[in-house]
Amino acid sequence: MSKPSTLGGACIIASVCVGAGMLGLPSAGAGAWTVWSVVAISVTMIMMTLSGWLLLEALKHYDFKSSFNTVAKDVLSKKVNFINNLSLYFVGGILLYAYISTSGDIFSGMLGVSSELASVLFVALCSAFVLHSTRAVDRISIVLILFMIISFALGISGLASQISVPTLFSVSDADTSYSAYALALLPVALTSFGYHHSVSTMRDYYQDEQRAKKAILAGTAIALTFYLVWVICIFGNLPREAFGPVVSAGGGVDALLSALTNGIDSTSIKQALNIFSIAAVVSSFIGVGLGVFDYLADFFGFEDTRTGRLKTWAVTFLPPLVFSLIAPFGFVTAIGLAGAAATIWACIIPAMLAKALRQRVPAQEGFVVPGGSLTINVVITFGVLTAAFHLLAMANVLPVFKG
């Protein structure tokens, strides 16, 4: 039997990452614009790759099939593990909330119904794949990924050919300081590299930490490439001042595409971008939904029966649906909240686990993340600062771009 390829694992990691980032980064990065957005996204990719490696290092001390929760429960106190579990659920829930809210905006016009009804129909249809089985999710994901690849290639090729260098570097606003806006972008960028619930899957897949490490690096590199090409193409076509209405509308996908396509004459590019955004929302919703579904089934001890799966479906999808109907707010705001919480389980906790296990087992064998304690401290500091930047931006202490 042939060994699994590094490319296969890298594609799994990349597919987990790409979704929220593709839809949220342009609006979140409008203040920082091109250069500082590229810097912020690239730094985040490095930090999140290292944090995933640190979790992988912690997992090596446990049997295969051991999960993130297994390690945290063994190493950390009950209170810290509770916070870790709570943050993990919050991130999953807020992402589902964001996708449900934006689906209402996207599909209401297409179906000619209210955004609330469109959101209900979206959840009923898409969550049915998760309710049925993982295999059903597998099959529909393949179809959606194909749509995303084809539509992304068509849309990006059209956008790339129309990039304006003065627009890309905002030459008309040369005296404007962009760097401070990059700090508020970090939580959204962090969410865009939130693959950490798949680290144990990669380890089990390869039965080898070194190969899993390579797959994680390749996967985050693929996601980074997608993000940078996407952001550069959008910023090269849509002037910075044109993001004002997009940001005031909450940074929603529909608002971004509306502003972008207003300046594009090509119908084929518009259609490709619309198909891409729809496929991205649906695939991300199903992918995140499956992860939260499996997590809650294990957490509550629901059996894998029809009744048990219905219970899990209810606790997974009904809360974010209800909140999206009662109190909808901006897509980027929701993604930013997810990023602030994700700093705990995707950044700080992996570093804490690696540090604690290095102290418990001083003679380390096998895979060890390079950089020693410096790497651990840098990752923890990055996570703490990212959460702090989000809170400061919410308190209007940090500048927030409003157009």
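Rules of the game
- Residues numbered from 1 in each chain as written.
- Predicted model: local features only at pLDDT ≥ 70, side-chain atom pairs only at ≥ 80, totals over all residues.
- Heavy atoms only, no water.
- Helix = DSSP H or I, 4+ residues; strand = E, 2+ residues; numbered from the N terminus.
- Rg over C-alpha atoms; globule rule 2.2 N^0.38 Å.
- Buried < 20%, exposed > 50% of the residue type's maximum accessible area, 1.4 Å probe, protein only.
- Areas by Shrake-Rupley, 256 points an atom, 1.4 Å probe, with all protein chains shown as cover.
- Lys, Arg positive; Asp, Glu negative; His and termini not counted.
- Charge placed at Lys NZ, Arg CZ, Asp CG, Glu CD.
- Phe/Tyr/Trp six-rings, centres within 6.5 Å; stacked < 30°, edge-to-face > 60°.
- Core = buried A, V, L, I, M, F, W, Y, C linked by side-chain atoms within 4.5 Å.
- Contact = heavy atoms within 4.5 Å.
- pLDDT = per-residue confidence, 0-100.
- Patch = residues over 30% accessible without salt bridge, like charges linked within 9 Å, V, L, I, M, F, W, Y side chains within 5 Å.
- Salt bridge = Lys/Arg side-chain N within 4 Å of Asp/Glu carboxyl O.
- Axes fitted to C-alpha atoms, helices over the stretch in contact; angles between N-to-C directions.
- Parallel < 35°, antiparallel > 145°, perpendicular 65-115°, else oblique.
- Left-handed = near helix turned anticlockwise from the far one by under 90°.
- Nonpolar A, V, L, I, M, F, W, Y, C, P; charged D, E, K, R; others polar.

> Honestly, the overall build of the chain in this entry has me stumped. Any pointers?
Within the chain, the regular secondary structure consists of 17 helices and 0 strands. The C-alpha atoms of the chain give 21 Å as radius of gyration, which agrees with the globular expectation for 403 residues (22 Å, within 12%). Reported as C-alpha extents along the three principal axes, the dimensions of the chain are approximately 60 × 50 × 45 Å. When burial is assessed residue by residue, the chain has 52% of its 403 residues classed as buried. For the chain, the exposed surface amounts to about 17500 Å²; the carbon and sulfur share of it is 66%. Across the chain, 21 positive and 19 negative side-chain charges occur, with their mean positions spaced 8 Å apart.

> Quick question: what am I supposed to make of the packing of aromatic side chains here?
Between two aromatic rings, the relevant description is the distance of the centres plus the angle of the planes. This structure, assessed with the given rule, holds 14 aromatic pairs. Ring geometry for W33 and F243: centres 5.7 Å apart, planes at 80°, overall edge-to-face. Pair noted here: W33 is in helix α3 (residues 33-59) and F243 is in helix α12 (residues 243-248), with a separation of 210 residues, a long-range link. Relative accessible area serves as the criterion here: at 0%, F243 is assigned to the buried category.

> Looking at this model, I keep getting lost on the nonpolar core. Mind explaining?
Generally speaking, nonpolar side chains in soluble globular proteins are found buried as a group. Formed by 124 residues in total, the largest nonpolar core has its most connected members in F193, Y227, F243, F285, I286 and L353. When near neighbours in sequence (up to four residues on either side) are disregarded, F193 contacts C17, I41, T44, M45, M48, T220, A223, L224 and Y227.

> It is not clear to me how the confidence of the model for the chain should be interpreted in this structure. Could you clarify?
Note that predicted coordinates carrying low pLDDT should not be read in detail. Summary statistics for the chain give a mean pLDDT of 84 and a share of 93% for residues scoring 70 or more. Ranking the helices and strands of the chain by mean pLDDT puts α3 first, with 95, and helix α13 (residues 253-262) last, with 71.

> Please clarify how the environment of V247 should be interpreted in this entry.
Inspection of the secondary structure assignment puts V247 in helix α12. Residues V247 and T225 lie 22 residues apart in sequence; the distance between their C-alpha atoms is 24 Å. Once residues within four sequence positions are removed from consideration, V247 is found in contact with S27, F401 and K402.

> Even after reading the chapter, I still don't get the environment of V80, so can you show me in this structure?
As for its placement among the helices and strands, V80 is situated in helix α5 (residues 78-111). A C-alpha to C-alpha distance of 10.0 Å links V80 and I344, two positions 264 residues apart in sequence. The contact partners of V80, leaving out residues within four places of it in the chain, are I349 and M352.

> How should I be thinking about a nonpolar patch on the surface in this particular structure?
The grouping of M110, L111, L117, V120, L121, V322, L325 and I326 at the surface amounts to a nonpolar patch, some 710 Å² of accessible area in total. The set of elements that each furnish at least two residues to the nonpolar patch consists of α5, α6 (115-132) and α15 (306-326). With respect to the helices and strands, the residue L121 is situated in helix α6.

> Quick question: what am I supposed to make of the pattern of salt bridges here?
Side-chain pairs of opposite charge can arise whenever the charged atoms involved come near each other. Evaluated as defined, the whole model comprises 4 salt bridges. R360 is the salt-bridge partner of D74, the closest N and O atoms lying 3.0 Å from each other. Remark: R360 occurs in helix α16 (residues 331-360) and D74 occurs in helix α4 (residues 68-75); sequence separation between them is 286 residues. Since its relative accessible area comes to 39%, D74 is described here as partly exposed. Between R309 and D304 there is a salt bridge whose closest N-O contact spans 2.9 Å. Judged by relative accessible area, D304 falls into the exposed class, the value being 64%.

> Looking at this structure, how should I read the side chain of H390?
Examined against the element boundaries, H390 turns out to sit in helix α17 (residues 372-394). Owing to a relative accessible area of 11%, H390 belongs among the buried residues under this scheme. Non-local contacts of H390, meaning those with residues more than four positions away in its chain, are made with P187, G336, L337 and A340.

> Is there a simple way to explain the packing of α5 against α15 in this structure?
Helices that pack against each other are described as a pair by the angle of their axes relative to one another and the distance between those axes. Contact pair α5 / α15: the axes reach a minimum separation of 9 Å and the direction vectors enclose 55°. Here α5 lies oblique to α15, going by the angle between them. Crossing of α5 against α15: the hand is right-handed. Contacts from Y89, G93, L96, Y97, I100 and S101 in α5 reach V315, T316, F317, P319, P320, L321, F323 and S324 in α15. For the contact of α5 with α15, the class distribution of residues is 10 nonpolar, 4 polar and no charged.

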